[in-house]
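Listed here are the chains, written in short residue letters.
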Amino acid sequence: EARQHGWAHPRPSSLMAQMVGLEAICLPDGPTDDAIAFSAAQARWLLRLSEDDLRRCPEHVLEDVADLPSLVARHRPRALVGAPPLEDLLKVIARCLGGRDKLVKSPHARDKLARALYECFLPNASKHPRDRAPGPGESASERNVRLLLDPADAAISAALAPALLWLFGDAEHLGYYDIEKARVRVAALVRHLWGAPKHRAAFRSLAGDKAAFTTFANGLLNETNEKVASAMEHLPAIRDHQIRTGVQDPGANADLRKLREEYQGANEARREEIDERHAEAEMMLQSELRSCTATLGLVELLTEDATVSAAFSAADLRGRVAGMVLSVIRAFTGRRSLDIKISNPEQYGFDPKDILSRVGRIATHFAAHPEFASSVAESGYYAPDLLPKCVATLRRLHSLDAARVDALDALANAAAAAHDASRLDAGLENEAPDDFVDPLTCELMVDPVKLPSGNVVDNTTIQQHLLNETSDPFSRQPLSPEEVVPLPELKQRIAAWLAEKRAERRAARG
């Protein structure tokens, strides 16, 4: 790569920095201590730069200041125990990541800063098992751990909370396998910081920033759906190869028996080709399952908090949450669940009991929200037997306590009732007065709001529109969520009319 691009190119320069860092940690203590001290001096210099100068700073300089401490923390953590605390590095990370993409343009540079935060300031027990230091007791310096959990500078906790949530989505700009690693690190950082009062307060404050929180929440839910769907595609392929190679018994299934016969009858080159495809599918599945588990764990952690779950229950998000919950439950309890039974699932990080339990707990976090059952019933993933089957499975596995199982059962009953009620609403938009119908979706409004242009739409409609375009859909004038005016009187009139029509239809059914 150096021959192709020259050493001045950022990529060879970054690789050389990593190589020098690895060489440095193999040296005796003196040179390693000098390298750590030089890195600290770099951090102090970066802190003296203005925002304009920091923005102009070559990004490999930022990568260098993050790379060496990360490598030392990963491969020679004891060297940091006797070194001065990395307070200036923490300030550089908070400042750069707090500026999102305004100060550091490269997603790879931002990822390296986040990795330094993960490697240098997290205790061993809080890291993913593959990232833990090998020896017993090997971990980040206790002083650095305390620096992160209880920073003296309030700006650090204020900057890191939104930065980490934003970084979870920003990982999308990295390479395929780097995405999973980056998100696992971010999820571990959020879990660790969630227990610290200063950081938890900062995370909670984000729930009040509707636009930023909605963007983060949509990214989190999209990631969950995407990884579950992708894993569901690869699991049958893994099962098929286990059938081919004799790990699983095909039983009486003629199609599966044919797979084994074709593999056994294939020549060596064809077998190698099939085995190579299988090895690639294994790598992708492991990556997807790690990312899926990290994402679900993040959703579970955040939504257990009443303030955050209330933000997820907003009109423009609760339908997405309901759809995510149902799609995962359907994947692991529906008809296709038979296709994903594989031998030795632990070698892939596949634990269906854990995934289903996590989703069950997430659902219970919303069970008490009055509108959530209706969102479940309205989801395209809803089926009357889906939640009851999930409840029965979790009860049999004893993976949720009795109170949570009861809450999930109550949600299933409420969703069934809402589903029955929705059947009474079919076609009502055709009978409703014009001012009860959303002019954009032609559906009966539930929460009407007035726009500056004078038009009335449902709140869900306009909030979804504002995620993609910050303008009034009628006048094309700039529009912010704060300019939308609720219409409580119209809302009451619609609710009363709807109740009357439902009563008429129930009476007509007898």
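As a reminder, the structure under discussion sits directly above these lines.
In this text the structure is predicted, and so the values were computed from the model without any measurement.

Structural notes on the overall build of the chain
So, point 1. The number of helices and strands found in the chain is 24 helices and three strands.
So, point 2. Each principal axis of the C-alpha distribution contributes one length, and for the chain these read about 90 × 65 × 50 Å.
So, point 3. Evaluated residue by residue, the chain yields a buried proportion of 48% over its 510 residues.
So, point 4. Relative to all contacts within the chain whose residues are 6 or more apart in sequence, the contacts with residues 24 or more apart total 70%.
So, point 5. For the chain, the accessible area works out to roughly 24700 Å², and carbon and sulfur atoms hold 52% of it.
So, point 6. On the chain, the mean spot of the 63 positive side-chain charges and the mean spot of the 74 negative ones are 3 Å from each other.

Things to note about the nonpolar core
So, point 1. The biggest cluster of nonpolar side chains holds 113 residues, and the ones touching the most others in it are L46, L117, F121, L164, V190 and F203.
So, point 2. It is helix α13 (residues 210-244) that provides the largest number of residues to this core, a total of ten residues.
So, point 3. Other than its neighbours up to four places away in sequence, L117 contacts L90, I93, L122, L148, L160, L164 and L189.
So, point 4. Judged by nonpolar contacts, the second largest core, of nine residues, contains F436, V437, M445 and L490.

Describing the packing of aromatic side chains
So, point 1. Tallied over the full model, the rule gives five aromatic pairs.
So, point 2. When the centroid spacing of 6.5 Å and the interplanar angle of 80 degrees are considered together, the rings of F312 and F366 count as edge-to-face. You can see F312 sitting in helix α16 (residues 306-312) and its partner F366 sitting in helix α18 (residues 352-366), a full 54 residues away along the chain.
So, point 3. Among the residues examined, F366 registers a relative accessible area of 0% and is labelled buried.
So, point 4. Linked through ring pairs, F213, F312, F366 and F372 together constitute an aromatic cluster.
So, point 5. Its end group placed over the ring of Y118, K127 keeps NZ or CZ at 5.9 Å from the ring centre.
So, point 6. Here the guanidinium or amino end of R271 rests over the ring plane of Y263, the centre of that ring lying 4.9 Å away.

Focus on a nonpolar patch on the surface
So, point 1. Nonpolar side chains collect at one region of the surface, where Y176, Y177 and M283 lie side by side and expose about 280 Å² of accessible area between them.
So, point 2. As for its position among the elements, M283 is in helix α15 (residues 268-303).
So, point 3. The class of M283 is partly exposed, set by a relative accessible area of 46%.

Thoughts on the side chain of Q242
So, point 1. Examined against the element boundaries, Q242 turns out to sit in helix α13.
So, point 2. By relative accessible area, which is 5% here, Q242 ends up buried.
So, point 3. In this structure Q242 touches V247, Q248, I342, S343 and Y348, once residues within four positions along its chain are discounted.

Side note on the layout of surface pockets
So, point 1. Computed from the structure, the largest pocket encloses a volume of approximately 1400 Å³.
So, point 2. E378, L444, M445, V446 and D458 are the residues nearest the centre of the largest pocket, which is lined by 34 residues in total.
So, point 3. Secondary structure elements with two or more residues in the lining of the largest pocket: α17 (318-333), α19 (372-378), α21 (402-424), α22 (428-431), α23 (459-468) and α24 (488-509).
So, point 4. The biggest single contributor to the lining of the largest pocket is α24, with five residues.
So, point 5. A breakdown of the residues in the lining of the largest pocket according to their chemical character gives eleven nonpolar, ten polar and 13 charged.

Brief notes about helix α5 (residues 59-75)
In an α-helix there are 3.6 residues to a turn, and that puts residues three or four apart on one side.
So, point 1. Look at α5: 24 Å from first C-alpha to last across 17 residues, which is about the 24 Å you get at 1.5 Å a residue.
So, point 2. Listing the buried residues of α5 in full gives V61, L62, E63, V65, A66, D67, L68, P69, S70, L71, V72 and A73.

Focus: the side chain of E300
So, point 1. Considering the arrangement of structural elements, one finds E300 in helix α15.
So, point 2. Excluding residues within four positions of it along the chain, E300 makes contact with R358, R361, I362 and H365.

Topic: the sheet that holds strand β1 (residues 448-450)
So, point 1. If you trace the three strands from one edge of the open sheet to the other, you get β2-β1-β3, paired in antiparallel fashion. The sheet terminates laterally at β2 (456-458) and β3 (485-486), the two strands that pair on one side only.
So, point 2. In terms of strand pairing, β1 meets β2 through three bridges, oriented antiparallel. Its bridge partner lying in β2, P448 is registered against D458.

As for empty space enclosed by the protein
So, point 1. Scanning the model with the defined rule gives five cavities of 30 Å³ or more in all.
So, point 2. Its volume calculated, the largest cavity comes out at about 70 Å³.
So, point 3. Lining the largest cavity are P107, R110, D111, A114, L167, D170, A171, L174, A182, R185 and V186.
So, point 4. Taken together, the elements giving at least two residues each to the lining of the largest cavity come down to α8 (107-121), α10 (154-170) and α11 (176-194).
So, point 5. The dominant element in the lining of the largest cavity, judged by the number of residues it contributes, is α8, at four residues.

Let's talk about unusual backbone geometry
So, point 1. Unlike most non-glycine residues, N344 shows phi in positive territory, near 50 degrees.
So, point 2. Positionally, N344 belongs in the loop between α17 and α18.
So, point 3. We note that H398 has phi near 55 degrees; this positive angle belongs to a residue other than glycine.
So, point 4. Tracing the chain through its elements places H398 in the loop between α20 (386-397) and α21.

Here is what the cut-offs are and how they apply
Residues numbered from 1 in each chain as written. Predicted model: local features only at pLDDT ≥ 70, side-chain atom pairs only at ≥ 80, totals over all residues. Heavy atoms only, no water. Helix = DSSP H or I, 4+ residues; strand = E, 2+ residues; numbered from the N terminus. Buried < 20%, exposed > 50% of the residue type's maximum accessible area, 1.4 Å probe, protein only. Contact = heavy atoms within 4.5 Å. Areas by Shrake-Rupley, 256 points an atom, 1.4 Å probe, with all protein chains shown as cover. Lys, Arg positive; Asp, Glu negative; His and termini not counted. Charge placed at Lys NZ, Arg CZ, Asp CG, Glu CD. Core = buried A, V, L, I, M, F, W, Y, C linked by side-chain atoms within 4.5 Å. Phe/Tyr/Trp six-rings, centres within 6.5 Å; stacked < 30°, edge-to-face > 60°. Lys NZ or Arg CZ within 6 Å of the ring centre and 35° of its normal. Patch = residues over 30% accessible without salt bridge, like charges linked within 9 Å, V, L, I, M, F, W, Y side chains within 5 Å. Salt bridge = Lys/Arg side-chain N within 4 Å of Asp/Glu carboxyl O. 1 Å grid on protein atoms, 1.4 Å probe; cavity = no way out; pocket = protein on both sides within 12 Å on 5 of 7 lines; lining within 4 Å. Points joined across faces, edges and corners; volume = space filled by probe spheres on them. Nonpolar A, V, L, I, M, F, W, Y, C, P; charged D, E, K, R; others polar. Expected span 1.5 Å × (residues − 1). Pairing = 2+ DSSP bridges.

Keep in mind these values describe shape, not function.
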